[in-house]
Amino acid sequence: MTISIGNDHAGPEYKSAIIEHLKGKGYTINNYGTDTTDSADYPDFVHPVASDVNDGKVDLGILICGTANGVGMTANKYQNVRAGVCWNSEITELARQHNNANIICIPARFTSIPQAIKMVDVFLETEFEGGRHKRRIDKIPLSC
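Think of each chain on its own: its residues are numbered from 1, step by step along the sequence as written. It should be noted that, the model being predicted, local features are given only for residues of pLDDT at least 70 and side-chain atom pairs only at 80 or more, the latter also being counted only at that level, while totals for whole chains, interfaces and linings use all residues. Water and hydrogen atoms play no part in the side-chain values, which are based on all heavy atoms of the structure.

Undergrad: So what's going on with the sheet that holds strand β5 (residues 103–107)? Which residues, and what values?
TA: If DSSP finds at least two bridges between two strands, the strands pair. Where helices and strands are cited, they refer to DSSP runs of H or I of at least four residues and of E of at least two residues respectively, numbered from the N terminus. The strand order across the open sheet built from 5 strands is β2-β1-β3-β5-β4, with neighbouring strands paired in parallel fashion. Each edge of the open sheet carries a strand with a single partner, namely β2 (28–31) and β4 (83–85). Neighbour to neighbour, the strand axes of the sheet diverge by 20° on average, direction disregarded. As judged from the 4 bridges shared by strand β1 (residues 2–7) and β2, these two strands associate in the parallel manner. Angular values range over 0 to 180 degrees, each being the angle between N-to-C directions of two axes fitted as lines to C-alpha atoms, with helices fitted over their stretch in contact.

This is the structure in structure tokens:
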């Protein structure tokens, strides 16, 4: 499985820990995030991740910023992206099961690194339920 990851200045430690964890499990990672805490504009790191997911170049994406709102708003501009802001494992599981989220957005200022790693594991291991949920997500994209 190939995953794209991106982050702004709030998440370099999170990104590093997640990448190390995922590489240890055999995942291939495309890293678009910053490695410093110097102020950075999150859209610069979101667009490559969202583009990879949107175009089917990767299986899933991970985005990290302070609140996860900015990265989520930016990623969800892409037609084939369903980016979910997740702050615990239960929300993460439901984002995959019910919304078929293909990008997890992690709020670094409101989660710990171990919690973020657990959420990523849940995100990658949870399957979409389909059924009534498919009907709903099919109504999300605009056809303009």
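Now that the structure has been shown, we can carry on.
Undergrad: So what's going on with the nonpolar core? Which residues, and what values?
TA: Among the nonpolar cores identified, the biggest contains 24 residues, and I18, L22, I62, I64, I106 and L124 are the most heavily contacted of them. Counting only elements with at least two residues in this core, the list comes to β1, α1 (12–24), β3 (60–65), β5 and α5 (113–125). Residue contributions to this core peak at 6 residues, all from α5. Contacts are residue-level and defined by heavy atoms, with any inter-residue pair within 4.5 Å sufficient. If near-sequence neighbours (up to four positions away) are discounted, I106 is found in contact with I18, I62, L63, I64, C65, A68, C86, T111, A116, M119 and V120. By convention a nonpolar core is built from buried Ala, Val, Leu, Ile, Met, Phe, Trp, Tyr and Cys residues, the set being connected through side-chain atoms within 4.5 Å. A 1.4 Å probe rolled over the protein chains alone gives each residue an accessible area, and that area as a share of the maximum for its type sets the label: buried under 20%, exposed over 50%, partly exposed in between. Core analysis: the next-biggest nonpolar cluster, separate from the first, contains 14 residues, A50, C65, A68 and A75 among them.

Undergrad: Now, about the packing of helix α4 (residues 89–99) against α5: what can you tell me, with residues and values included?
TA: One can describe the packing of α4 onto α5 by two numbers: an axis separation of 9 Å at closest approach and a directional angle of 20°. In terms of axis orientation, α4 runs roughly parallel to α5. The hand of the α4/α5 crossing is right-handed. Contacts between α4 and α5 involve S89, T92, E93 and R96 on the former and, on the latter, K118, M119, V122 and F123. When grouped by side-chain class, the residues that make up the contact of α4 with α5 number 3 nonpolar, 2 polar and 3 charged. Roughly parallel means an angle under 35 degrees; roughly antiparallel, over 145; roughly perpendicular, 65 to 115; everything else is oblique. Left-handed describes a crossing whose near helix is turned anticlockwise from the far helix through less than a right angle; right-handed describes the clockwise counterpart. All amino acids are sorted into three groups, where Ala, Val, Leu, Ile, Met, Phe, Trp, Tyr, Cys and Pro are nonpolar, Asp, Glu, Lys and Arg are charged, and the leftover types, Gly among them, are polar.

Undergrad: Let's hear about the side chain of N54: which residues, and what values?
TA: Relative to the assigned elements, N54 resides in helix α2 (residues 43–54). Residue class for N54 comes out buried when judged on its relative accessible area of 18%. Those residues within four positions of N54 in sequence are excluded, and the remaining contacts are Y78, Q79, N80 and V81.

Undergrad: Tell me about the side chain of D52, residues and numbers included.
TA: Following the sequence through the fold, D52 ends up in helix α2. His is not counted, nor are the chain ends, whereas Lys and Arg count as positive and Asp and Glu as negative. What counts as a salt bridge is simple: a side-chain nitrogen of Lys or Arg found within 4 Å of a carboxyl oxygen of Asp or Glu. Buried and without a salt bridge, D52 has K57 as its closest oppositely charged side chain, separated by 4.8 Å. Polar contacts, as used here, are pairs of N or O atoms within 3.5 Å; protein pairs need one atom able to donate a hydrogen and one able to accept it. Residues neighboring in sequence count only if both atoms are side-chain atoms. Within the local environment of D52, its side chain forms a polar contact with the side chain of N30, the two groups lying 3.5 Å apart. Residues in contact with D52, not counting those within four places in the same chain, are S4, N30, Y32, K57 and V58.

Undergrad: Can you break down unusual backbone geometry residue by residue, with the values?
TA: Even without being glycine, A68 reaches a positive phi, approximately 75°. Inspection of the secondary structure puts A68 in the loop between β3 and α3 (69–75). Look at A68 and you get buried, because its relative accessible area is 0%. The backbone of N100 shows a phi angle near 50°, a positive value even though the residue is not glycine.

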